[in-house]
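Architecture and fold: a report
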Amino acid sequence: MAANMRGLTQFIADIRGARVRELEEKRINKEMANIRKKFKAWCSCHAADGNLDGYQKKKYVAKIIFTYILGYKVDVGHMEAVNLISSSKYSEKQIGYLAVTLLMHENSDFLRLVVNSIRKDLDENNEVSNCLALHAIANVGSSEMAEALSEDVHRLLISPTSQTFVKKKAALTLLRLYRKHPTVIPAAEWALRLVSIMDDQDLGVVICVTSLIMALAQDHLDAYAVCYTKAVDRLHRLVIEGEYSATYAYYKVPSPWLQVKLLRLLQYYAPSEDATLRSVLHEVLQTIMNNSAEPSRNVQHNNAQHAVLFEAISLAIHLDASSPLVGTSAVLLARFISSKETNVRYLGLDTMAHLAARADSLEPLKKHQGTIILSLRDKDISVRRRALDLLYSMCDTDNSELIVGELLRYLKVADYALREEMVLKIAILTEKYANSYKWYVDTILQLISAAGDHVGDEVWYRVVQIVTNTEDLQEYAAKVVFEHLKSPSTHESLVKVGGYILGEYGHLIANDTGYSPLEQFQVLHSKSQFCVASTRSLLLSTYIKWVNVFPEIKPQLINIFERYRHVLDAELQQRACEFYSLASRPDDDEVLQNVCEEMPPFPPRVSALIGRLNRKLGDTEDKRTWIHGGKEMNLERHANSRKATLGPGSSTTGTTTVTGNTDAQDVMSSLAGLNLSSPGEQSDPSRVDSSVVAPRVAVGPSVEKWFNKLIYSADGVLYEDVQIQIGVKSRYQGHLGQLAIYLGNKISVPLTSFTSTIHVSDAEALSATFAKIPPNILVPRTQSQQLLHVECKKAFSSFPILTVSFLAGAHQSVSIRLPISVTKFIEGVKLGQADFFERWKVIGGPPREAQAVFPITLDGTGQLDLVRYRQVVSGNHLEILGDVDPNPNNLVAAGVLHTSVDGKVGCLLRLEPNREAKLCRLTVRSTSEDVAAEVLRLIEKLLRLDSS
């Protein structure tokens, strides 16, 4: 920069040549005065095309930037920098952007002047201008700029014509804007389009987009749920298939940064129920662990492998803490916590703490308890902190005394930065895993004596609460605290505990040798002169209690009240006056006795110590999926977070249920006097009910026609448009089924970032998983097949929804219902006339009977379309029984529904069409009222189509 501007070069040389600060300031002041003069002359002559060209403005603004970098205050050049941004020359534009990012803060009024110029550079088909604009947005990142330009940045990111380095910068710019102004970015609206970029061929783009998605997914888990499959697929391609360029191999480790991000992203979501995804993830994690089994001599290679390995172990723990992979991980971690490398020890202890927070059994960790305790004395404070966290997480009733004892011994020599956290953790462990109340009191008093100023009020509050609520502990606590108060140096927190406990329960030990009222008074009062006013106030309350129970020391106590009546502190003075008045009343006065009654037990309450610890630790930018403190605490945290997440969102699916029912109501209103149930007529998309909003399905006459046909047939077209065709071929056996979904690309360009997902509204009743992860590219003019495995667990009433999304110029998404109904899992049963009617009577009427009467149309000859009726009934897998009903026009059918949870459910059907009335009565009886209602709904809908 300076080489092309002689004036700037000379200015820098003069500044460097100044031997003292005064000369430097003189030279800078002279230059700033000259620049002001030039800019002022330019402004006055601006209407007449002034005398400053772009080169001169660039030079002067560069001098201003250099002056600012040196630390001098700059109050000139802002407007000129704004003008330089609009220049068509790169060198001038670059200086303008540099000045804007350095000289202007995010609330500067000048930023409003540059928004349009930045937008113009973002819209240009020039990647250099795009990058300069993105740098400015990311560095300044004001709220106004985020609102005005976030859409343009997003457009650059998703544009197929953008260069890879522009996409990377756009992704990181959006990440910066989201972290500063999360409400400005429509994260949920952009979810599918952003996730599709995870299939980009350039791993650099994938890394940047994954960083963005990690931030967005933390706050919008459901919207970005599709990224789970993308992350698993990308890990499989990196680790198993080796699909990466040599550029992204860091010391023979394929893109370790991307692997770490993807493994971390997967931990934000609950373990997948999809057996295919679980199998692929298991293979990936096993491969990562096998690759890291033996350390290499190359330090950089080890560092990269360890980074990936520790994140893989964390994911394995998150998926299933009792899996064989976690057992392998425990062996590896035991080796790492003894490593000579500080970083490896740190990561080993941190990951082992994660294992302790999730594991059902702590026995594998207890084998290395000695090594972990030794880590408390590591030379690196960060390792010591991780060892403290691990001991806190792996503590239980068996090893609590050992761990707490070690922590108390270490507390005396621990770093001051660790002491407050250690005190909280020791107090929590002592209370949670105390084998006896006596040990609890001894330990807490030792803690208060050793920690001193690092003991918060919450600790001694909790001691007082537990002693007050435990009658058997009160005498022992009074003796122990009295012995602690005898020591020459006693911390003020211990004086507070002693004052409260002796005031309430000192009378229980007053008759024992060495614990007389006078001795208690002398020991406690000797500490008061070193205490602050609030502690003295508490001691005065102790003394008034003693006036009531220890009349032998009443004169000494009244004397103290008398002296404190004249202190300057208003609180102390008021207490002393009130207590003096009470103590001076006659001995037979009941007022003093009533005022000084023993404190009642405290109401049960949760310890405030854990909340204090969590507030102290706080949240980081990259949120943890677990906390220190054992499995119970993590389960409680997870339950609370789910309540907070699902509470307000549980009613999000209620609005779509009413729509689409209008036509059905119109039909029913024309059949006055017939008892028909409205739920059977609700449109299928609206029946999807879940805590997660179901995708909006595609609609249209052809789509509805294809879908209805596939309800009673095994194969056919499910959806078709100008770009894609989707067909289905199915087969069912018992409670299991298999669908072959054919996806055809009808255009001459590939469909990239191809994603197929299944939404099942009731996962407890029906499971649907792909046999393998679908390919992410659909080549031109070809057809791809995906196998879908389905299992019927219980009776269900909603159809699974297949969502297909892809890039074909723009991002497109299609959601369609899959023709998987409860009747697909019915197996026909042959019955004779006697058997059929016997079972028909056994099942009986409502509620295990569902019946509907609806209009029908006749065929072209004015006869009943019996062939069509048979086709529909048999297509729903019911066996049509001949010679059962004496009326040849009636149809009788039987079948058994197979479910894996509820077992077999019998189902009988009777169809009675009436040619003269043009009505049909359909009756279904089943051992399950839900099955009867659903079979009736499905068959009635198909038969109604003829009359509509």
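Below you will find a few notes about this structure.

Rules of the game
- Residues numbered from 1 in each chain as written.
- Predicted model: local features only at pLDDT ≥ 70, side-chain atom pairs only at ≥ 80, totals over all residues.
- Heavy atoms only, no water.
- Helix = DSSP H or I, 4+ residues; strand = E, 2+ residues; numbered from the N terminus.
- Buried < 20%, exposed > 50% of the residue type's maximum accessible area, 1.4 Å probe, protein only.
- Contact = heavy atoms within 4.5 Å.
- Polar contact = N/O pair within 3.5 Å; in protein donor to acceptor, adjacent residues only side chain to side chain.
- Phe/Tyr/Trp six-rings, centres within 6.5 Å; stacked < 30°, edge-to-face > 60°.
- Lys NZ or Arg CZ within 6 Å of the ring centre and 35° of its normal.
- Expected span 1.5 Å × (residues − 1).
- Axes fitted to C-alpha atoms, helices over the stretch in contact; angles between N-to-C directions.
- Parallel < 35°, antiparallel > 145°, perpendicular 65-115°, else oblique.
- Nonpolar A, V, L, I, M, F, W, Y, C, P; charged D, E, K, R; others polar.
- Pairing = 2+ DSSP bridges.

Focus: the overall build of the chain
The helix and strand inventory of the chain stands at 38 helices and 16 strands. The 948 residues of the chain split such that 51% are buried. Across the chain, the fraction of contacts at a sequence separation of at least 24, relative to all contacts at a separation of at least 6, is 69%.

A closer look at the side chain of Asn745
Summarising the element assignment, Asn745 is placed in strand β5 (residues 736–745). In this structure the side chain of Asn745 is engaged in a polar contact, spanning 3.0 Å, whose partner is the backbone oxygen of Val749. Other than its neighbours up to four places away in sequence, Asn745 contacts Gln723, Pro750, Leu751, Leu778, Val779, Pro780, Arg781 and Thr782.

Focus: the packing of aromatic side chains
On inspection of all chains with the given rule, the structure shows 18 aromatic pairs. Between Phe11 and Phe66, the ring centres sit 6.1 Å apart and the planes meet at 80°, which makes this aromatic pair edge-to-face. Here Phe11, found in helix α1 (residues 6–17), pairs with Phe66, found in helix α3 (residues 54–69); they are 55 residues apart in sequence, far enough to count as distant. Accessibility expressed as a relative area gives 0% for Phe11, which makes it buried. A residue is classified by how much of its surface remains accessible, and Phe66, at 18% relative accessible area, is buried. Here the aromatic residues Phe521, Tyr543, Trp546 and Phe550 are joined through ring pairs into a cluster of three or more. Lying across the ring of Tyr416, Arg419 places its NZ or CZ 4.5 Å from the centre. One cation-aromatic arrangement involves Lys438 over Tyr476; the distance from NZ or CZ to the ring centre is 5.2 Å.

Comments concerning helix α21 (residues 400–411)
Between its terminal C-alpha atoms α21 stretches 16 Å, which fits the 16 Å expected from 12 residues at 1.5 Å a residue. For α21, the complete set of buried residues consists of Ser400, Ile403, Val404, Gly405, Glu406, Leu407, Leu408, Tyr410 and Leu411. The secondary structure elements touched by the buried residues of α21 are α19 (369–374), α20 (381–393), α22 (416–432) and α23 (437–451).

What about the packing of α22 against α23?
Relative orientation of the contacting elements α22 and α23 amounts to 170°, with a least axis distance of 10 Å. The pairing of α22 with α23 is recorded here as roughly antiparallel in orientation. For the pair α22 and α23, contact is made by Val423, Ile426, Ala427, Thr430 and Glu431 and by Trp439, Tyr440, Thr443, Ile444, Leu447 and Ala451, respectively. Grouping the amino acids of the contact of α22 with α23 by side-chain chemistry returns eight nonpolar, two polar and one charged.

Some remarks on helix α17 (residues 342–358)
For α17, with 17 residues, the first-to-last C-alpha span of 25 Å sits near the 24 Å given by 1.5 Å per residue. Most of α17 is tucked away, with 13 of its 17 residues classed as buried.

Structural notes on the environment of His789
Residue position: His789 is located in strand β8 (residues 783–792). Residue classification places His789 among the partly exposed positions, given a relative accessible area of 34%. Each C-alpha atom, one on His789 and one on Ala771, is 6.6 Å from the other, the two residues being 18 residues apart in sequence. Excluding residues within four positions of it along the chain, His789 makes contact with Gly737, Gln738, Ser767, Ala768, Thr769 and Ala771.

Quick notes on the sheet that holds strand β10 (residues 810–817)
Sheet architecture is open: three strands sit in the order β6-β9-β10, paired in antiparallel fashion. Both edges of this open sheet fall to β6 (752–759) and β10, since each of them pairs with a single strand only. With strand direction ignored, the average angle separating the axes of adjacent strands in the sheet is 15°.

A look at the pairing of strand β14 (residues 891–898)
On any regular strand, side chains alternate: one points to one face of the sheet, the next to the other face. Counting buried positions over the eight residues of β14 gives seven, a clear majority of the element. Examined bridge by bridge, strand β11 (residues 826–828) and β14 share three bridges and lie antiparallel to one another. By the bridge assignment, Gly828 is partnered in β14 with Gly895. Strand direction decides the pairing type here: strand β13 (residues 879–880) and β14, joined by two bridges, are antiparallel. Opposite Glu879, over in β14, you have Ala894 as the bridge partner. Of the pairings in the sheet, the one linking β14 to strand β15 (residues 904–914) comprises eight bridges and is antiparallel in character. Bridge assignment links Leu897 to a residue of β15, and that residue is Val905.

Remarks on the sheet that holds strand β3 (residues 715–720)
Read across the sheet, five strands follow the order β3-β4-β5-β8-β7 without closing on themselves; strand pairing throughout is antiparallel. Looking at which strands have only one partner, the edges of the open sheet turn out to be β3 and β7 (766–770). This sheet shows a mean twist of 25° between the axes of neighbouring strands, independent of strand direction. Pairing analysis gives five bridges linking β3 to strand β4 (residues 724–733), with the strands arranged antiparallel. Considered in β4, the bridge of Asp715 is made with Lys729.

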